[in-house]
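Below, each chain spelled out in residue letters.
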Amino acid sequence: MPPYGAVQCIPGPRHTRGTPPNVVEMDPITWVEIATGRVTWADAVAAGRVRASGTRADLSEFLPVRHADPG
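Residue indices follow the written sequence of each chain, beginning from 1 at its first position. With the structure being a predicted model, the display of local features is reserved for residues of pLDDT at least 70 and the display and counting of side-chain atom pairs for 80 or more, all residues being used for whole-chain, interface and lining totals. Water and hydrogen atoms play no part in the side-chain values, which are based on all heavy atoms of the structure.

Student: How would you summarise the environment of alanine 57 if you had to cite specific residues and measurements?
Tutor: With respect to the helices, strands and loops of the structure, alanine 57 is situated in the segment after strand E2 (50-53). Each residue is assigned to one of three classes by its accessible area relative to the maximum for its type, calculated with a 1.4 Å probe on protein chains only: buried under 20%, partly exposed between the two thresholds, exposed over 50%. Judged by relative accessible area, alanine 57 falls into the buried class, the value being 3%. Sequence separation between alanine 57 and asparagine 22 is 35 residues, and the spatial gap between their C-alpha atoms is 5.4 Å. Any two residues whose heavy atoms approach within 4.5 Å are treated as being in contact. With residues up to four places along the chain from it excluded, the contact list for alanine 57 reads Asn22, Val23, Val24, Trp41 and Ala52. Numbering of helices and strands starts at the N terminus; helices are DSSP runs of H or I of at least 4 residues and strands are runs of E of at least 2.

Written out as structure tokens, the structure reads:
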């Protein structure tokens, strides 16, 4: 199944061709569950719902997504 999207979400080396050195793959439902805190990064990885490779592929530091206080 082709990916729904590809993004660079944290600073680091930019990659434009071929398979990048740090890859994270998951289905859209898993992304929403992790991003909203319904499932932890560690639990999703342990359950095989996330495929992550590379030295910067652990996104647990950034998830779940936190709402910024506008004031």
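Student: How would you sum up the environment of valine 32? Please name residues and give values.
Tutor: Relative to the helices and strands, valine 32 resides in helix H1 (residues 28-35). Spatially, the C-alpha atom of valine 32 lies 9.9 Å from that of valine 65, the residues being 33 residues apart in sequence.

Student: Quick rundown of H1? Include the residues and the values.
Tutor: Counting along an α-helix, one turn takes 3.6 residues, and residues three or four places apart therefore face a common direction. Here H1 has its buried residues at Thr30, Ile34 and Ala35. Projected down its long axis, H1 carries its buried residues within an arc of 125°, all on one side. N-cap assignment for H1: the residue whose side-chain oxygen lies 3.0 Å from the backbone N of isoleucine 29 is aspartate 27. Positive backbone phi, at 85°, marks glycine 37, one or two positions downstream of H1. Here the arc refers to the directions that run from the helix axis out to each C-beta atom. By the criterion applied in these results, polar contacts are pairs of N or O atoms within 3.5 Å in which, for protein atoms, one can donate a hydrogen and the other can accept it, and in which residues neighboring in sequence qualify only through two side-chain atoms.

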